[in-house]
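Observations on the model geometry
In case you want the letters, here they are:
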Amino acid sequence: MKITAAVTREKGKVSFETVELAEPKANEVLVKMVACGICHTDIAVIEQFLPVQFPYVAGHEGVGIIEKVGSGVVGLKVGDRVGMSFPSCGECDNCKDSKPYACEDNFTMLFGGNYRDSTKRMKGEDGADIGIMFGQGSFATYAIADQSNTVKIDVDNDEDLSNLCSLGCGIQTGAGSVLNRMQPRPGTSIAIFGCGNVGLGGIMAAKIAGCSTIIAVHGRRGRDEALEAGATHVIHGRNEDVTARIKEITGGKGVNYALESAGVPDMVSTMLDCMAREGTAVLVSVTGPATIPVELERQIMNPSVTVTGAVEGCSNPKVFIPELVRFYKEGRLPIKKLNKIYDFKDLEKALHDCHEGTVIKPILKF
């Protein structure tokens, strides 16, 4: 079938093209797109900070309505409202252990441009294959996804569905890093470094978990959003002594947990200086190659601090996304106020605004 897709053929450039999308295979679904979130990872792909092979269609926070299902699809049907999340191979030990975020073929599955069977479904007018991001390529009017990374979203209307785009990646990453990786005890303290979509998801999750001290470290924006999301304290990361302020807020002890989502390498060392003994620090941001100054004995070994990474919030989307939908319905995940809606045709402006940080979560509407 003929669809419209935003195709990147050279670094930094996106153009709308009419492309051919094949039929879904046995374990796949065809989704008519309703909306798609824009994440900084999309920009990293388009700008080649993350190396992909062009031509390529980005977009990895797609939501829509199923129009066709393959013969082997179970639990999804035509007419279902769904969200698409990250793919995994389904065959490695971690996938079989219900840890798809730790898939041994992680990078290839996310950015290699293929589906689970190592083939593509999209062709340009020249007949050449076009790669897709995260096994979906949702910067397009239709997308094909495997049933394994397609999740039914239990909402009654397209407006709510659109507002839940970021459950596929951004909010899932921030909230999951707190609820799945850290699993903080009620009454503990946490610092969130970076108040974009991921960081704000982490703040909301910290409030859900019952953290009593939630400190948000923001940049040029994010202060008000952090307070609305549940932060008890805010610190301007550029204008204040972050370590001193966090120690002051916590009575000199430091925080029990911390999430680094700012994408600023030097902030990692600052974060470690803010940790309490037996604290856990989680890194989720994407940066280029970086040398991070860390004093292993003083910052990690002596205080017994755990430093760990988290991909996609250490979540199993089939399990975790429905939990996030429930929190949204209960009013405990107020992500709607983070979103700004753009027409699909205004993709370039949405990408620009995302890169410049003038909007927290751009949402493309089809």
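For the structure itself, consult the block above.
None of these values were measured; they are calculated from a predicted model.

Turning to its location among the elements, glycine 309 is positioned in strand 16 (residues 306-309). Distance from glycine 309 to leucine 259, taken between C-alpha atoms, is 9.6 Å for residues 50 residues apart in sequence. Contact partners of glycine 309, with chain neighbours within four places excluded, come to Arg181, Val282 and Leu283.

Our focus in this paragraph is the sheet that holds strand 16. Strand order in this open sheet of six strands is 13-12-11-14-15-16, and the pairing throughout is parallel. Each edge of the open sheet carries a strand with a single partner, namely strand 13 (233-236) and strand 16. Neighbour-to-neighbour, the strand axes of this sheet turn through a mean angle of 15 degrees, independent of strand direction. As judged from the four bridges shared by strand 12 (residues 213-218) and strand 13, these two strands associate in the parallel manner. Each residue of the ladder has a partner; that of isoleucine 215, found in strand 13, is histidine 233.

Moving on to helix 8 (residues 242-249). Capping of helix 8 at its N-terminal end is provided by aspartate 241; its side-chain oxygen lies 3.4 Å from the backbone amide nitrogen of threonine 243. Just past helix 8, the residue glycine 251 takes up positive phi, approximately 65 degrees.

With respect to the helices and strands, cysteine 165 occurs in the loop between helix 4 (158-163) and helix 5 (170-182). Exposure remark for cysteine 165: the relative accessible area of 1% places this residue in the buried category. Each C-alpha atom, one on cysteine 165 and one on serine 85, is 9.4 Å from the other, the two residues being 80 residues apart in sequence. Those residues in contact with cysteine 165, other than ones at most four positions away along the chain, are Ala35, Cys36, Gly37, Glu61, Val63 and Ile363.

It is worth spelling out the packing of aromatic side chains at this point. Within this structure, the stated rule accounts for four aromatic pairs. Note on phenylalanine 107 and phenylalanine 111: the rings are 4.9 Å apart at their centroids and 45 degrees apart in plane angle, and the pair reads as tilted. Placement of both phenylalanine 107 and phenylalanine 111 in helix 3 (residues 106-111) is noted, with a separation of four residues, approximately one turn of the helix. On the basis of relative accessibility, which here comes to 41%, the residue phenylalanine 107 falls in the partly exposed class. With 4.5 Å between their ring centres and 45 degrees between their planes, phenylalanine 344 and phenylalanine 366 make a pair best called tilted. One end of the pair, phenylalanine 344, is in the loop between strand 17 (339-343) and helix 12 (347-356); the other, phenylalanine 366, is in the segment after strand 18 (361-365), and 22 residues separate them in sequence. The class of phenylalanine 344 is buried, set by a relative accessible area of 9%. On the accessibility criterion, phenylalanine 366 (31% relative accessible area) is partly exposed. Among the aromatic residues, those joined into a cluster by ring pairs are Phe16, Phe344 and Phe366.

Conventions used here
Residues numbered from 1 in each chain as written. Predicted model: local features only at pLDDT ≥ 70, side-chain atom pairs only at ≥ 80, totals over all residues. Heavy atoms only, no water. Helix = DSSP H or I, 4+ residues; strand = E, 2+ residues; numbered from the N terminus. Contact = heavy atoms within 4.5 Å. Pairing = 2+ DSSP bridges. Axes fitted to C-alpha atoms, helices over the stretch in contact; angles between N-to-C directions. Polar contact = N/O pair within 3.5 Å; in protein donor to acceptor, adjacent residues only side chain to side chain. Buried < 20%, exposed > 50% of the residue type's maximum accessible area, 1.4 Å probe, protein only. Phe/Tyr/Trp six-rings, centres within 6.5 Å; stacked < 30°, edge-to-face > 60°.

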